[in-house]
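Structural overview
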Amino acid sequence: YEASDSENDAEATKQPEVTKGLKGMSPEEAEWKQKNMTVLMNFQQGNYENTIPLAESVLEMAEEYFGPMHVNVAASSNNLAMLYRNTGRYDKADSLLIRAIKIKEELLGKDHYEVAKLCSNLGVSYYRQRKYEKAESLFVRSIDIARKHTGNNPRISQTIIRLAKTYEDAGKYAKAEEAYLDALSLAESGWDSDHVVLQNIIREIAAFYREQGQTEKAREYERRLK
């Protein structure tokens, strides 16, 4: 129950069921879960600014109910961080995401899949601030962890695209091209040619080649767009 950049992807558009799984929980955990779900649904709907006060109170609730080192505190920290990040409050967002990563590493292990998702979230924040080296290391770590758990799951291609754009904006064009094509290969291995994410990757590659002045290669990929 954490916000992430993949929440807006084609394969992650289902709204969570607020009451699902509440049976058997303590009253405190049930209350936290319901409010946390409201934060997440508002995030998915793009209602960032107005949701910040609720997310702040949900984090305080998690700390009070569960203590500072708990997965629910990490989840609430991440959700508030994503709201801060998407409203340009990067310092607050980054500190919360770093905290969430440390909690998950301590409780679940440094190579847990949930750590990968948090690394990607923080990487996006650094990318938006043009802190490319920090973003690059986080995306690489996220991809490595995800591949350990899921092999060549095509959804990893979305983080690889973020890495490719980081390389490109940092002027590392050879690495950017390699990452773009890696993302494409991964996406093609699991999705049909008209899948929205695959089409977006093709569009990104075409734009990359146009920026590099490689018109023929750009046209080659543009012809694959539907």
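First, a word on scope: everything that follows refers to the structure included in this document. None of the values given here were measured: they were computed from a predicted structure. (Residues numbered from 1 in each chain as written. Predicted model: local features only at pLDDT ≥ 70, side-chain atom pairs only at ≥ 80, totals over all residues. Heavy atoms only, no water.)

Quick look at the environment of G88
Along the chain, the position of G88 falls in the loop between α3 (71-85) and α4 (90-108). It is 9.4 Å that separates the C-alpha atoms of G88 and Q129, two residues lying 41 residues apart in sequence. (Helix = DSSP H or I, 4+ residues; strand = E, 2+ residues; numbered from the N terminus.)

Description of α4
Taking 1.5 Å per residue as the helical rise, α4 with its 19 residues ought to reach 27 Å, and the 26 Å between its terminal C-alpha atoms agrees with that figure. All of the buried residues in α4 are A93, D94, L96, L97, A100, I101, I103, K104 and E105. Residues of α4 that are buried sit in contact with α2 (52-66), α3, α5 (113-128) and α6 (132-150). At the C-terminal side of α4, G109 shows a positive phi close to 110°. (Expected span 1.5 Å × (residues − 1). Buried < 20%, exposed > 50% of the residue type's maximum accessible area, 1.4 Å probe, protein only. Contact = heavy atoms within 4.5 Å.)

What to know about the side chain of S125
By secondary structure assignment, the location of S125 is in helix α5. Exposure remark for S125: the relative accessible area of 0% places this residue in the buried category. In contact with S125, not counting residues within four places along its chain, are R85, Y90 and D94.

Side note on α3
The terminal C-alpha atoms of α3 lie 21 Å apart, and with 15 residues this matches the ideal 21 Å at 1.5 Å per residue to within 8%. Of all 15 residues making up α3, 14 are buried, and the element is well covered by its neighbours.

What about the packing of helix α1 (residues 27-44) against α2?
Between α1 and α2, whose axes approach to 10 Å, the crossing angle comes to 155°. Judged by the inter-axis angle, α1 sits roughly antiparallel to α2. Helix-helix and strand crossings are classified by hand; for α1 and α2 the assignment is left-handed. Contacts from E28, E29, E31, W32, K35, N36, T38 and V39 of α1 reach α2 at L54, A55, V58, M61, A62, Y65 and F66. Considered class by class, the residues forming the contact of α1 with α2 number nine nonpolar, two polar and four charged. (Axes fitted to C-alpha atoms, helices over the stretch in contact; angles between N-to-C directions. Parallel < 35°, antiparallel > 145°, perpendicular 65-115°, else oblique. Left-handed = near helix turned anticlockwise from the far one by under 90°. Nonpolar A, V, L, I, M, F, W, Y, C, P; charged D, E, K, R; others polar.)

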